[in-house]
2 protein chains.
Amino acid sequence: MALETIAALPITMKENPVQKLHAAHHTLPLEAWRITENEPADDTHFLRETLFSVGNGYIGLRGTEEEGYSGAEGQSLDGSYLNGFYESEAIHYPENACGLARTNQFMLNVPNAKCLRLRLENEDFDPRTGTLESYQRTLDFRTGLLTRSLVWLSPSGRRVRVHSERLVSFRHPNLFAIRYEVTPLNFDGTIQLISALNGQVSNMAAGDDPRVGSAISGAALEQIGEEWQGNFAALTHRTHNSGFTLCTAMQNHLLCEQTFEAAHAQHGKLLEQIFTVKLSRHQPVQLCKYASYHSSRDFPETQLTLLAQQLLAQAQASGFKELAAQQQAYLDDFWQQADVEIEGDDALQQGMHFNQFHLLQSVGRDGKTNIAAKGLTGEGYEGHYFWDTEIYIFPFFLYNKPEIARKLLEYRYQYLPQARTRARQMAHSKGALYPWRTIAGEECSAYFPAGTAQYHINADIAYAIRLYLQVTGDTEFLLEQGAEIVLETARLWMELGHFSSNGATGREQFCINEVTGPDEYTALVNNNYYTNAMAQMHLRFAAQIAMELAQHHAEKWQQLRQTLSLSADEINAWERAAEQMFLPYDAALRIHAQDDAFLSKKPWNFKDTPADNYPLLLHYHPLVIYRHQVCKQADVVLALLLLSEQFSLEDKRRDFDFYEKVTTHDSSLSTCIFSIIANEIGYQDKAYAYFMQTARLDLDDTHGNTHYGVHTAAMAGTWLGIAYGFAGLRIVHELPRFAPVLPPQWQHYQFHIHFQGQLLQVRVDRQQVSYCLLRGQSLQLLHHEQRITLNGQGALEHVPFSFQEPQHA
Amino acid sequence: MALETIAALPITMKENPVQKLHAAHHTLPLEAWRITENEPADDTHFLRETLFSVGNGYIGLRGTEEEGYSGAEGQSLDGSYLNGFYESEAIHYPENACGLARTNQFMLNVPNAKCLRLRLENEDFDPRTGTLESYQRTLDFRTGLLTRSLVWLSPSGRRVRVHSERLVSFRHPNLFAIRYEVTPLNFDGTIQLISALNGQVSNMAAGDDPRVGSAISGAALEQIGEEWQGNFAALTHRTHNSGFTLCTAMQNHLLCEQTFEAAHAQHGKLLEQIFTVKLSRHQPVQLCKYASYHSSRDFPETQLTLLAQQLLAQAQASGFKELAAQQQAYLDDFWQQADVEIEGDDALQQGMHFNQFHLLQSVGRDGKTNIAAKGLTGEGYEGHYFWDTEIYIFPFFLYNKPEIARKLLEYRYQYLPQARTRARQMAHSKGALYPWRTIAGEECSAYFPAGTAQYHINADIAYAIRLYLQVTGDTEFLLEQGAEIVLETARLWMELGHFSSNGATGREQFCINEVTGPDEYTALVNNNYYTNAMAQMHLRFAAQIAMELAQHHAEKWQQLRQTLSLSADEINAWERAAEQMFLPYDAALRIHAQDDAFLSKKPWNFKDTPADNYPLLLHYHPLVIYRHQVCKQADVVLALLLLSEQFSLEDKRRDFDFYEKVTTHDSSLSTCIFSIIANEIGYQDKAYAYFMQTARLDLDDTHGNTHYGVHTAAMAGTWLGIAYGFAGLRIVHELPRFAPVLPPQWQHYQFHIHFQGQLLQVRVDRQQVSYCLLRGQSLQLLHHEQRITLNGQGALEHVPFSFQEPQHA
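Since this is a predicted model, take the numbers as computed values, not measurements.

Draft legend 1. Summary view of the overall build of chain A. Looking only at helices and strands, one finds 21 helices and 34 strands in chain A. A compact globule built from 809 residues would reach a C-alpha radius of gyration of about 28 Å, and chain A, at 27 Å, matches this within 12%. Over its C-alpha atoms, taken along the principal directions, chain A stretches across nearly 90 × 60 × 55 Å. Per-residue burial for chain A yields a buried fraction of 68% across its 809 residues. When contacts within chain A are restricted to residue pairs at least 6 apart in sequence, long-range pairs at least 24 apart make up 68% of them. As displayed, chain A offers around 26500 Å² of accessible surface, 47% of which is attributable to carbon and sulfur atoms. Of note, chain A has its 64 positive side-chain charges centred 1 Å away from the centre of its 92 negative side-chain charges.

Here it is, written out as structure tokens:
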């Protein structure tokens, strides 16, 4: 458990004032495949709503009870979200400037379709009144069901059992379903089940925390229609500015041996179907509620209600049981490909599965949507997509569900026109600049020093495309979309940077000024190492694509060159800029400098910084932070991972040692990267400690803001921590290369990767490392420097486990 | 005239694409002591309202007609302003951060007390209907009167003469008066004169131009009372957030040979007194309106109306004529001290007087108020005070009306507590940090990279205090206020900067990171030359004050040290930091580098920048501008002036040559400084051209935004251009030093300075330079290196005029 782990840390780490190792308190039982609460949350209700969210990459429902929450003020946000469904709103700056992002896009809290109320005679069921005689709520990662079972004694003494199940269908993106069963235990009487659609919803108000986001003003959804047809009901809404229409619908199906009455009611924006039935004790009644969202982003506006009706009729015909079976089948398949097994640490095993499951629930897979920083579990960061996708989350899907990874790249292609427009707004005469944060392609960052200035976004996307091609060999994607993205984004560097002989060496080098790197505790710097190194990779990759297309796909190349007005001179300039890219290095310290000025800044006074003053961004003016030598997150250290082959192990050690001392890990993107590099350079204790901080970040709420939504990048970072970190996965000579280590705390671990259409299982235990080709015909891989070939499906190779000291360069 | 001047520019300048020399179009006749319009403005009405503003440093009235403006939409802002009277409002950031300025302060448009309407029988007088048979409006700098004379033929044929005069009393800060005379010329009939107080006012809405400012939301003034007593009427208002009460009052006095009727009316927030009189042709009627503003910022809330009543009764007893005589007397005295005479250029002479007059009208002189960037003439920059005061405007008053200069410094002392609070907010454990922009001492800058980051404000204030002491010898101010300001602001540098051996030299130097210098086209830089050099001056000055106080005012010193917890160690550290201050210098170019990175940035592509794209800030994202080597305004070049003795002439030439090429002068603070240094280094043509751009900046609206208010810093810069520029005034060996040149375009020029309580007149003509001691007993000065002593009041010394080549170092 994490507490012991922290106690076992090396002394140097415990004494390092920067490391804020949270003595994590596990509030839920440590179970490998589910999370369970055994009493209803009150203090942590807001947080639990996030943890118990269910979703399918399109619909996301926070884990609020069907009945709503009657507890303390501020302990609930009853949110339902649709990936890519947003309202846009003008951004007002207190002091304006040219070219600032003009419009924000907010992931909307859409009408609540999961509402269900229960009434026993004249008493409303509310677990926060009366007595709960038993209670359990579970989110199961293998069934995909959110289940609640309880026995409640009402204030006037009626005892009732309530069992409910909720699923958001992975099979049918627009559908979710609830099964709600009620059994009177000590009385005969009239029971009412009231199933509703509630259009009276709004997004939360923003506070001062920039990690939450700004508030959308007023109600974003205008109700323009209601419809009833038997047990089917629908609400239609329109957004004011983004121009979408949304149909929210339900189909209720009461299963009961008795006769019952069904009535309709409408109170403002609330549509209710009220079922009334007289029950005897121990006689159950069950309501199956099928609900759907269809929006004009995906379907013709005039057909939304019709589509809803068809989908829900079909769902009812299948029945809840069949939907649950489909759900399980989908998840069986997913876990067969993606399951990471860890023996020896229950907390970790749970964190790993929880994270994988939430990633699957959050990711858009239609090529028009992506995965938000908070998934579909909360309104933090307004539902925006960031570079988190390409650098953290994309590899998880690439190696575990490559078809989803491709969809994430297609999303970028979809919004290439907006990126071109943004480049023009930023005074670039050609090329494309992807937005720092967005939903539908427009730059939504209202604080440009830590937004628009992060030009590395272009390189991050190119990097993901490069990795995608290495891992999948999907040339068709390259030809249809990938090449255009890479070329259009690459050309921007030439207008952004310039050749200058003003550096320390005196020779002409390509310099990039006034950007912000990944580390947001410095901003608007010159020659950020990460940015320059990634730009170099990007320019080389673009030139290489140009060459390959010219050689092997001449017609496509001609067409692309023409469309993009790409000259040979321009491509030559890319190569020259890459060749002469300035990569700041401090000869005295023998480390890579984060930027031109970083090493000469005043060191942050960690010693006198109270523990309560972290994260620094909530306690110090940006100027104070920017002025000092202090990092929020991995920056150079991230380059050590992404451009691994460019650094010797000694380089990596020195950089790690230096930057670790000045990094607060105030960003949730940081510890996973530090864990991976710590593994590579043989700092096993640190690797483990950083990994633990990543793996249970949301489950233990170590950043204190999971109530606003999960941290999808850190979730994916957990997988990276296993694959890239402990198992040492890199692409070397175009092959997957492993260099596994096994922490002493574990008995074994096991994970999978897809590579070139094949599925490999990697298992590391105390005795050996086993590579097994689960799907495919033949796969080559590297174990350290040893080449292993797996021939035929099921082929298995054991290599005796021996921890190899990292090689010194 | 400016047009010829531009044609006469040196070739190098005309070809320099950066220099946007406006081919100024003089729309008003060139008169030395007044501005006159001979037909009512329509297209330029908004602008003329600014130019014809009258004020007294407390009250400012834009030059809108008494009757209001019925012309085109967007061509009028009928504003009345009170120095220091503001509403505060929370600043909302679309993306929040810790420590950002929380509250804005807006100079309010207060109730309109100058309203006067004229009705002839059933026709409203409106110069924009009917026919204007004659028209003239004049603002006279010697009488201080805004006068309008016209003959109007109404649509139905009534001919009337209207003559009005408006003054805002320099003698009585709370008072203004209007004399309004009407004579029917071709009819007998009923005439109504309606004098009003109009509480239905609001500030203008902001557009996208950051130079204008943000809009205050909604009506800021709540009307809480109305009062009538005979011809006296008063409106009382309260501000919502800043908590002020304001009494706006009028006293009307009709002078007429006929009997007349007087009635009252109230329409909402409009109080009217209606005078009705039957006149025969050629029989004049005259209304004298006395109006006042009293606010609870200055007086007990309960006495405001009473004070208004007393003041207005007294004003009426004096009569308009007497008020006008007082006004003239005040101005006679002012011009005796301050008049700058220029023979040979009418446009310039007019610009000079216009600027001096507006400075006098704009400056607060009660120690609680200051002088806004736009004076009291418009709402640009929301009425905020900036460093413009200390660096540009303060010297004008120091040398021309030193008692006002002291009041400007007292203002800073008044808000020292707020500066201390701000320093704490910015994580400084001690000391004071003055706000970049403010009215009542709180930081109001909503864009910190070009606001709060300009830490040089502290040094600018210290510099002004140093200059004040040099010029006045006012030790009492030093002891009572000055020392405390200088010490408290100096100590901040030690926490802001740090000793670093990371520089090019390898030796330990004091570095200051992450600040913005005067040039707002770079931001958040390291070791801005101006900032570091001014910090050095500041630290030395503070240490020197400490020493002098310890030696000569031991008791006061003990007390101050205790209050401020100042240790000898801290003062020693100041001296060491000053000694080791890092001042960036490029050995190859032999120029002072604007900051660590400036010289290595990509040069701005002036060649391909369309003329319409200036000012750059309105056409390029800040990132684009910041990334390039381009300056908005004098930065290093300003240091060449302020710290003149630290640079050789060769230094100055090289720096000027370099920075001129990259400076757009998009800031109105730029050209005056370039003119001064051009004079010093012998670039006479450039000195003249830059000077012309400064002197008529508002009169010719060369920056295109004078309708939002005059540019007080550039106005003062005009005087600096004469005194510091053409006459070469510097303080050398504690004496005023002159090194005059005479542009070939002029016959002579003449100006004054106060020095150590004495008044010196300096006259430069083709034959000689004459120094005359107008007031005082004995004054020493330097003419170049020649020491001249003037003994006895009226003492006069002629030095043959010879242009001396600037000496090479």
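Picking up after the structure, the text goes on.
Draft legend 2. Broad picture of the state of the cysteines. Residues and elements named next belong to chain A. Going through the model one piece at a time under the given rule, you end up with 0 disulfides over all chains. For the unlinked cysteine Cys444, the closest cysteine sulfur is that of Cys98, found at 18 Å. A residue is classified by how much of its surface remains accessible, and Cys444, at 2% relative accessible area, is buried.

Draft legend 3. Structural context of the sheet that holds strand 13 (residues 189-198) of chain B. Residue and element names in this part refer to chain B. A sheet is described by the order of its strands in space; here 5 strands give the open sequence 8-7-13-18-17, paired in antiparallel fashion. Looking along the sheet, the strands with just one partner apiece sit at the ends: strand 8 (123-124) and strand 17 (260-267). Here strand 7 (residues 116-120) runs beside strand 8; their pairing, made up of 2 bridges, is antiparallel. Across the sheet, Leu120 pairs through a bridge with Glu123, a residue of strand 8.

Draft legend 4. Expanded view of the relation of the copies chain B and chain A. Once chain B has been moved 0.0 Å along the axis and rotated by 180 degrees, it coincides with chain A to within an RMSD of 0.0 Å. Those values place the two copies in the arrangement expected of a two-fold rotation axis. Identified as the residue of chain B closest to the rotation axis by C-alpha distance is B:Tyr93, at 3.2 Å. The residues that chain B uses at the interface reappear at the interface of chain A in 100% of cases, marking a shared surface.

Draft legend 5. Spotlight on the sheet that holds strand 34 (residues 796-800) of chain B. All names here are of chain B. Strand order in the open sheet formed by 5 strands is 20-29-30-31-34, with antiparallel pairing between adjacent strands. Each having just a single partner strand, strand 20 (341-343) and strand 34 make up the two edges of the open sheet. Strand after strand, the sheet turns through a mean of 15 degrees between neighbouring axes, direction not considered. Pairing between strand 29 (residues 748-755) and strand 30 (residues 758-765): 8 bridges, direction antiparallel. Its bridge partner being in strand 30, Phe755 is matched across the sheet by Gln758.

Draft legend 6. Spotlight on the pattern of salt bridges. Under the counting rule described, the total for this entry stands at 91 salt bridges over all chains. Of the charged contacts in the structure, one is a salt bridge between A:Glu520 and A:Lys632, with a shortest N-O distance of 2.8 Å. Separated by 112 residues along the polypeptide, A:Glu520 in the loop between strand 22 (509-511) and helix 13 (529-552) and A:Lys632 in the loop between strand 26 (628-629) and helix 17 (636-642) bring together distant segments of the chain. Under the relative-accessibility criterion, A:Lys632 is labelled buried at 9%. B:Glu165 serves as the salt-bridge partner of B:Arg179, at 3.2 Å between the closest nitrogen and oxygen. Of this pair, B:Arg179 sits in strand 12 (residues 175-184) while B:Glu165 sits in strand 11 (residues 159-168), and the two are 14 residues apart along the sequence. Among the residues examined, B:Arg179 registers a relative accessible area of 15% and is labelled buried. Salt bridges sharing partners connect three or more residues here, namely A:Arg420, A:Lys430, A:Glu484, A:Glu488, A:Arg491 and A:Glu570.

Draft legend 7. Quick look at helix 9 (residues 416-425) of chain B. Residues and elements named next belong to chain B. If you check which residues of helix 9 are buried, you get Leu416, Ala419, Arg422 and Ala423. End-on, the buried residues of helix 9 take up no more than an arc of 115 degrees, which puts them together on one face. Where helix 9 is buried, its residues meet helix 8 (402-414) and helix 11 (475-496). Looking at the residues trailing helix 9, positive phi occurs at Ala427, about 70 degrees.

Draft legend 8. Expanded view of the interface of chain B and chain A. If you look at the interface, chain B gives 52 residues, while chain A gives 52 residues. For the pair chain B and chain A, the interface holds 4 salt bridges. For the salt bridge of B:Arg437 with A:Glu95, the shortest nitrogen-to-oxygen distance reads 3.6 Å. At the surface where chain B touches chain A, the tally comes to 11 residue pairs in polar contact (both at pLDDT 80 or more). Of all elements in the fold, only helix 11, strand 21 (498-500) and helix 15 (622-627) of chain B reach the threshold of two or more residues within the side of chain B that touches chain A. Considering every element that reaches the side of chain B that touches chain A, the biggest residue donor is helix 15 of chain B, with 5 residues. For the side of chain B that touches chain A, the per-class residue count stands at 27 nonpolar, 16 polar and 9 charged.

Draft legend 9. Summary view of helix 20 (residues 712-726) of chain B. Residues and elements named next belong to chain B. Relative to the 21 Å expected for 15 residues at 1.5 Å per residue, helix 20 spans 20 Å between its end C-alpha atoms, a close match to the ideal helical length. In helix 20, a bend of some 35 degrees at Leu720 exceeds every other bend along the element. Judged by how many residues are buried, helix 20 sits mostly within the fold: 15 of 15 residues are covered. One or two steps after helix 20, the chain reaches Gly728, where phi turns positive at roughly 70 degrees.

Draft legend 10. Structural context of the packing of helix 7 (residues 388-400) of chain A against helix 21 (residues 712-726) of chain A. Residue and element names in this part refer to chain A. Where helix 7 contacts helix 21, the two axes come as close as 9 Å, and the packing angle between them is 55 degrees. Classified by the angle their axes make, helix 7 and helix 21 are oblique. Relative to helix 21, helix 7 is oriented so that their crossing is left-handed. Contacts between helix 7 and helix 21 involve Asp388, Ile391, Tyr392, Ile393, Pro395, Phe396, Tyr399 and Asn400 from the former and Thr712, Ala713, Ala716, Trp719, Leu720 and Tyr724 from the latter.

Draft legend 11. Here's a closer look at unusual backbone geometry. Between A:Tyr614 and the following residue, A:Pro615, the backbone shows a cis peptide bond with an omega angle of -5 degrees. Phi is positive for B:Glu514, which is not a glycine, with a value near 60 degrees. One can find B:Glu514 in the loop between strand 22 (509-511) and helix 12 (529-552). At B:Asp701, a position not held by glycine, the phi torsion is positive, near 50 degrees.

Draft legend 12. Expanded view of the side chain of B:Ser500. Within the fold, B:Ser500 resides in strand 21. B:Ser500 gets classed as buried once you look at its relative accessible area, which sits at 7%.

Draft legend 13. Broad picture of the pairing of strand 15 (residues 232-239) of chain B. Residues and elements named next belong to chain B. In terms of residue burial, strand 15 counts as a mostly covered element, since 7 of its 8 residues are buried. Taking the residues between adjacent antiparallel strands as the criterion, strand 14 (residues 221-229) and strand 15 are bridged by 2 residues, where Gly230 takes a positive phi near 60 degrees. Judged from the 7 bridges that link them, strand 15 and strand 16 (residues 245-255) form a sheet pairing that is antiparallel. Each bridged residue has a counterpart across the sheet, and for Leu235 the counterpart in strand 16 is Thr248. In this structure, the hairpin formed by strand 15 and strand 16 is closed by a connection of 5 residues, where Gly243 is found at a positive phi of approximately 75 degrees.

Draft legend 14. Looking closely at the nonpolar core. In this structure, A:Tyr392, A:Phe751, B:Tyr392 and B:Phe751 are the most contacted members of the largest nonpolar core, which totals 499 residues. Once residues within four sequence positions are removed from consideration, B:Tyr392 is found in contact with B:Trp387, B:Leu638, B:Leu669, B:Cys672, B:Ile673, B:Ala713, B:Ala716 and B:Leu720.

Rules used throughout
Residues numbered from 1 in each chain as written. Chains lettered and ligands numbered in written order. Predicted model: local features only at pLDDT ≥ 70, side-chain atom pairs only at ≥ 80, totals over all residues. Heavy atoms only, no water. Helix = DSSP H or I, 4+ residues; strand = E, 2+ residues; numbered from the N terminus. Rg over C-alpha atoms; globule rule 2.2 N^0.38 Å. Buried < 20%, exposed > 50% of the residue type's maximum accessible area, 1.4 Å probe, protein only. Contact = heavy atoms within 4.5 Å. Areas by Shrake-Rupley, 256 points an atom, 1.4 Å probe, with all protein chains shown as cover. Lys, Arg positive; Asp, Glu negative; His and termini not counted. Charge placed at Lys NZ, Arg CZ, Asp CG, Glu CD. Disulfide = S-S within 2.5 Å. Pairing = 2+ DSSP bridges. Least-squares fit on C-alpha atoms with pLDDT ≥ 70 in both. Axes fitted to C-alpha atoms, helices over the stretch in contact; angles between N-to-C directions. Salt bridge = Lys/Arg side-chain N within 4 Å of Asp/Glu carboxyl O. Arc of directions from axis to C-beta. Polar contact = N/O pair within 3.5 Å; in protein donor to acceptor, adjacent residues only side chain to side chain. Nonpolar A, V, L, I, M, F, W, Y, C, P; charged D, E, K, R; others polar. Expected span 1.5 Å × (residues − 1). Bend = angle between axes of the 7 residues up to and from the residue. Parallel < 35°, antiparallel > 145°, perpendicular 65-115°, else oblique. Left-handed = near helix turned anticlockwise from the far one by under 90°. Core = buried A, V, L, I, M, F, W, Y, C linked by side-chain atoms within 4.5 Å.

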